[in-house]
Amino acid sequence: MTTPFRPHTLLVTAAILIRKDGTVLLAQRPEGKTFAGLWEFPGGKVEVPESPETALVRELDEELGITVQPETLEPFTFVSENCATFHLLMILYLVREWDNEPVGREGQALAWVPAAELADYPMPKADAPLVPRIQSLLG
Ligand SMILES: Nc1nc2c([nH]c(=O)n2[C@H]2C[C@H](O)[C@@H](COP(=O)(O)OP(=O)(O)OP(=O)(O)O)O2)c(=O)[nH]1
Ligand SMILES: [Mg+2]
């Protein structure tokens, strides 16, 4: 008898960076990573022994070169999605304050996108429910 395949749950944190003009930051996943070429919210895996907030502050520095104070992270929502080889649990925070101008420190393209245009950017399937939620948040 074969054991049913049970993917492990991968805990990921990601940020919806909102600029004062109401645009939102998307990053294009680099070649060689899962979902390469698709647009995502910057962030990454929570590593032991990090908290989700500590992990997100670290990822935003590594990926974008920005500093964010953990207490300014605003919990927004989460997605829970089966991604074949793993089960993704991604928690999302709104981020409205940071220092520096974000740059793609891993060579990834960045785009500041008006909420109404988010659907024009192909994203991993887990992100689909986020688009209408962000649009209703930002009007
Ligand atoms: N950051 C982020 N990851 C997403 C999104 N949507 C989505 O399915 N994912 C998946 C892709 C990856 O399997 C996982 C996050 O991994 P990641 O590649 O960002 O992790 P990481 O920054 O720690 O990078 P690495 O250590 O693997 O190089 O979550 C999203 O909007 N943002
Ligand atoms: Mg990442």
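Residues numbered from 1 in each chain as written. Chains lettered and ligands numbered in written order. Predicted model: local features only at pLDDT ≥ 70, side-chain atom pairs only at ≥ 80, totals over all residues.

With that out of the way, let us pick up helix α1 (residues 52-64). Residue pairs spaced three or four apart in an α-helix point in one direction, given the helix's 3.6 residues per turn. Taking 1.5 Å of rise per residue, 13 residues should cover 18 Å, and α1 covers 17 Å from first to last C-alpha, within 8% of that figure. Within the span of α1, buried status applies to Leu-56, Val-57, Glu-59, Leu-60, Glu-63 and Leu-64. Projected down its long axis, α1 carries its buried residues within an arc of 165°, all on one side. Structurally, α1 contributes buried residues whose contacts are with β1 (9-17), β2 (24-28), β4 (43-45) and β6 (87-95). (Helix = DSSP H or I, 4+ residues; strand = E, 2+ residues; numbered from the N terminus. Expected span 1.5 Å × (residues − 1). Buried ≥ 20, exposed ≤ 12 C-beta atoms within 10 Å, placed from the backbone. Arc of directions from axis to C-beta. Contact = placed C-beta atoms within 7 Å.)

This part covers the site of ligand 1. In the neighbourhood of ligand 1, 16 residues make up the surrounding shell, with Glu-40, Gly-43, Gly-44, Lys-45 and Pro-124 lying closest. Contributions of two or more residues to the shell around ligand 1 are made by β1, β4 and β6. Grouping the constituent residues of the shell around ligand 1 by class yields 8 nonpolar, 3 polar and 5 charged. (Near = placed C-beta within 6 Å. Nonpolar A, V, L, I, M, F, W, Y, C, P; charged D, E, K, R; others polar.)

A few words now on the sheet that holds β6. Read from one edge of the open sheet, 4 strands run β4-β1-β6-β5, paired in mixed fashion. In this open sheet, the two strands that pair with only one neighbour each are β4 and β5 (74-82). Shown here is a sheet whose adjacent strand axes are inclined to one another by a mean of 20°, direction ignored. Direction of pairing for β5 relative to β6: antiparallel, over a ladder of 8 bridges. Within the sheet, the bridge partner assigned to Glu-74 lies in β6 and is Leu-94. Sitting on the sheet, α1 touches β1, β4 and β6, and the angle it makes with β1 is about 60°. (Pairing = 2+ DSSP bridges. Axes fitted to C-alpha atoms, helices over the stretch in contact; angles between N-to-C directions.)

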